[in-house]
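Remarks on the overall topology
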Amino acid sequence: MLTWRLWRALRYPPVSPLLGMRVATLPRQSLWPSSWQFFRRGRWPKVLLTLLLLLVTWRLGIAGLFLGLFAVPGAVILAFLGLPVLLPLASIVLGSYWSADINRNIRRERAARTWDLICAAPPGTPGASHVITSRCLLRGGAFSFFQLLQLIALGLCLGALLLMAAIFVVMLLNGVPQEELILALRALLDIAAIVAALWLHWLQTVVLVALTGLLLAGGEGRETPWFAPLLFPAFQLGSWMLFALQLFLLQPLEASLAPEAWLAWTLMPLLYLAMFLLPREALVLALLRVAGQRLQTNELFSSRWWQNATAQTG
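As the structure is a prediction and not an experimental result, all values here were calculated from the model.

Rules of the game
- Residues numbered from 1 in each chain as written.
- Predicted model: local features only at pLDDT ≥ 70, side-chain atom pairs only at ≥ 80, totals over all residues.
- Heavy atoms only, no water.
- Helix = DSSP H or I, 4+ residues; strand = E, 2+ residues; numbered from the N terminus.
- Buried < 20%, exposed > 50% of the residue type's maximum accessible area, 1.4 Å probe, protein only.
- Contact = heavy atoms within 4.5 Å.
- Areas by Shrake-Rupley, 256 points an atom, 1.4 Å probe, with all protein chains shown as cover.
- Phe/Tyr/Trp six-rings, centres within 6.5 Å; stacked < 30°, edge-to-face > 60°.
- Salt bridge = Lys/Arg side-chain N within 4 Å of Asp/Glu carboxyl O.

Looking now at the overall build of the protein chain. The secondary structure content of the protein chain amounts to 13 helices and zero strands. Written out in order from the N terminus, the α and β elements of the protein chain read α-α-α-α-α-α-α-α-α-α-α-α-α. For the protein chain, the residues scored as buried account for 41% of the 314 residues in total. Pairs at least 24 apart in sequence give 84% of the contacts found in the protein chain among residues at least 6 apart. Element-wise, carbon and sulfur atoms account for 72% of the exposed surface of the protein chain, whose accessible area totals about 17700 Å².

Structure below.
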């Protein structure tokens, strides 16, 4: 799978002392505006929170205050359980920031006339692009935190999958009617497809972010400043809309399946999973080739640049 190879390459960039020293000094634009940083770290949050509590107490009384205090943990729990839905939406914003950051740093090297010097290092242009891309993705805590949330969401879905598998086994041992077994098996495969789609979607998202940033960085400066943050959302939302269109077109076929075609109906989640992942995989392949052409190299994320690093780090 191409996405898996590129994902491993991004996690383990080439080992080059010259590139390592250079990318260590890359400037980074904050993910949060400076005004939000001031609001988050200053005294204003405490003052505003106190005024809000006083206002709620004055308008609703003590009972309303306690209700509000209980509503906050409830909202946190709902957000926690909704991670499988919220994280793909959040990836649009975070992916736009990452792709723009990759584009910005490579263009800054070109504007400073140091890009040719960096590309003269042993890994060459592929290695320089690779190291800068990995650095922009992995530095700071945003990537690790977001991946941790992805693992939590995956764990929630795996828990639901194990629960459904246990229910299916109990139904099978108790000899329930075949119609109910078919419904339970379909639900089990639905959850399994969601688990696979959630994790593979995250891997494809990271790879698409990297390739989008490199695609924009390989241009000659003709793109407008707002083009970088908009291109990745276009790719992400476009793939979702294509999947939704495929589902809409496939609904009549699924509805027309005869009762005796229970096996085909049960395996439909696997077809949905392929319909969701394969177009995105084709997009990854297309972006890899186009970005390589714009950067004048056909060895982007080549295994010979990162396999030693992988062996050293495991």
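What follows picks up the thread again.
Applying the stated rule across the entire model yields seven aromatic pairs. Between Phe146 and Trp202, the aromatic rings sit 5.3 Å apart at their centres with planes inclined by 50°, giving tilted as the arrangement. In this pair, Phe146 is assigned in helix α8 (residues 142-173) and Trp202 in helix α9 (residues 178-217), connecting sequence segments 56 residues apart. Each member of the pair, Phe146 together with Trp202, is buried.

Throughout the structure, instances matching the rule amount to two salt bridges. Close ionic contact of Arg104 with Asp101 constitutes a salt bridge, the shortest N to O distance being 2.9 Å. Highlighted residues: Arg104 and Asp101, both in helix α5 (residues 83-111), separated by three residues, approximately one helical turn. When its relative accessible area of 23% is taken as the criterion, Arg104 is described as partly exposed. Residue Asp101 is classed as buried on the basis of its relative accessible area of 0%.

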